[in-house]
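Summary of structural features
Next come the chains, spelled out residue by residue.
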Amino acid sequence: MKKKIMELAFGGAFLAASFGLFGAVKAETTSEDITPNLNVVRSIEDKDQVNMYKAVIDEKGYQNITLNFDASKKDEVNNGWTLKVYDENKEELYQVSGIKAQFTSANFAFAKGKTVYISVESGIKSSMFMPKGVEYNLNFHTYADSDYETENNNKYVDANEIPTGGAVKGSLLNKDDEDYFVYQIPESGYTKVSFEILDFVPSKILGGWNLEIYDKNKSLVYKEAGITKDVTLPELPLAKGQKIYIRIHPKLAVSTFAPVEVEYKLKVNTVKSGKWEVENNGSFKKANKLSGTKYANIINSSDEDYFTFKAAKTGKYKLSIDTGDNVKHAYKVEVFVNNKSKKAVSKVTMSDKSYTFKAKKGQNVWVRIYGISGNSPIGNKYSLKYKFVKK
């Protein structure tokens, strides 16, 4: 969770261009302890007055702040109030200026037991335009939710763990916010990742999110860019025990295009299967055994899939590739028989194909599948199988 500044005008909100107003709250500023979910009624009597509050998160979940006032006093509110939120180190995280109507903040995701500071002051440091004497009703709400992200999860080391078959809800507080999650593959098969927009408001989604998956070495495995609707990623055939990191951030880190304060739900599940390739099978040495029908996909532009089998008889073999739904991207198919530097088959295909080649009993056969540069079928599931046809 990083710093944010907002201004309310005519009932709408927009991001301010400058972050120069941010900084730590003055050390000598005293704070009033408040209890979550209980109303605090106070007022601002001087243009330089700052009402500072201190709250401790009482349960795992999410939080928000409401600031309300007697509607009959709206003409006395003038330029309204400024509300700020600080972390336990009194570093400013969030600011909203010009509150002149009933207000509910973004959702926060502070960890249970953490201390949060909240301040309320005049929207403009002017005796003429301040909301002098108008009582406001402040409430720091906490909501129990075991599936909500926990800030600060803006980097790998602070990634929130997603349990097997679990889901997590979150949101980006500002254009610079990033959410990291970690998931450990529980069994061999394929892993499915889905991203659901819970608060679907097109005017807030804007440029959408990027969702990126990294392996334990922080190397990019798969990327889905510019998400603006619910999406399920292609099957990810990752090895049992492997940890993956999921990074969610704005596609465009610009205030006018970032999908801030929009709740999403991330779900991860692994389906057990012995019929899928197991990444990382990107070399002769790490080739997967080809037995029966194997399913696979090209998950990024540098991905290559290697498979191998030993010829049981001397004669002719047929290798078949089913490209599934692919209609516009190209696979390169290569077959090597007992010699890793000599290709028995080297073809490009955009559709289902079969290829024949000869092999002697006991010889090793390798199959290499990859995408053509600039036209790779990323995320498209294909299947591969072979059979002996004749002597």
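Described below are features of the structure shown in this document. Just so you know, these numbers come straight off a predicted model, no measurement behind them.

The rules behind each value
- Residues numbered from 1 in each chain as written.
- Predicted model: local features only at pLDDT ≥ 70, side-chain atom pairs only at ≥ 80, totals over all residues.
- Heavy atoms only, no water.
- Helix = DSSP H or I, 4+ residues; strand = E, 2+ residues; numbered from the N terminus.
- Rg over C-alpha atoms; globule rule 2.2 N^0.38 Å.
- Contact = heavy atoms within 4.5 Å.
- Areas by Shrake-Rupley, 256 points an atom, 1.4 Å probe, with all protein chains shown as cover.
- Lys, Arg positive; Asp, Glu negative; His and termini not counted.
- Charge placed at Lys NZ, Arg CZ, Asp CG, Glu CD.
- Pairing = 2+ DSSP bridges.
- Buried < 20%, exposed > 50% of the residue type's maximum accessible area, 1.4 Å probe, protein only.

Some points on the overall build of the protein chain
Of regular secondary structure, the protein chain possesses 1 helix and 29 strands. Computed over C-alpha atoms, the radius of gyration of the protein chain comes to 28 Å, more than 25% over the 21 Å expected from 2.2 N^0.38 for 391 residues, which places it beyond the range of a compact globule. For the protein chain, the spread of C-alpha atoms along the three principal axes comes to 95 × 35 × 30 Å. Contacts in the protein chain between residues at least 24 apart in sequence constitute 73% of all its contacts with a sequence separation of at least 6. Of the roughly 18,700 Å² of accessible surface on the protein chain, 47% is carried by carbon and sulfur atoms. Charged side chains in the protein chain number 58 positive and 47 negative. The centres of these two groups are separated by 18 Å.

A short note on the sheet that holds strand β20 (residues 264-272)
Pairing is antiparallel in the open sheet, where 4 strands are placed in the order β13-β20-β15-β18. Whereas interior strands pair on both sides, the edge strands pair on one side only; in this sheet they are β13 (167-170) and β18 (231-232).

Observations concerning the environment of asparagine 78
By the secondary structure assignment, asparagine 78 is in the loop between β6 (61-69) and β7 (81-86). Spatially, the C-alpha atom of asparagine 78 lies 9.7 Å from that of isoleucine 99, the residues being 21 residues apart in sequence. Residue contacts for asparagine 78: discarding those within four places in its chain leaves Lys100, Met128, Phe129 and Met130.

Concerning the pairing of strand β16 (residues 209-214)
For β16, a buried count of 6 out of 6 residues is recorded, marking the element as mostly surrounded by other parts of the structure. Here β16 shows no split at all, with Trp209, Leu211 and Ile213 on one side and Asn210, Glu212 and Tyr214 on the other all buried. Taken together, the 5 bridges between β16 and strand β17 (residues 220-227) define a ladder with antiparallel strand orientation. The residue of β17 that forms the bridge with tyrosine 214 is leucine 220. Connecting β16 to the next strand, β17, in antiparallel fashion are 5 residues, including lysine 218 with a positive phi near 70°. One ladder, built from 6 bridges, connects β16 with strand β19 (residues 243-250); its direction is antiparallel. Residue pairing in the sheet places tryptophan 209 in a bridge with proline 250 of β19.

Details of the side chain of glutamate 121
Within the secondary structure layout, glutamate 121 lies in strand β10 (residues 115-122). If near-sequence neighbours (up to four positions away) are discounted, glutamate 121 is found in contact with Ile44, Gln49, Val50, Gly80, Trp81, Thr82 and Lys84.

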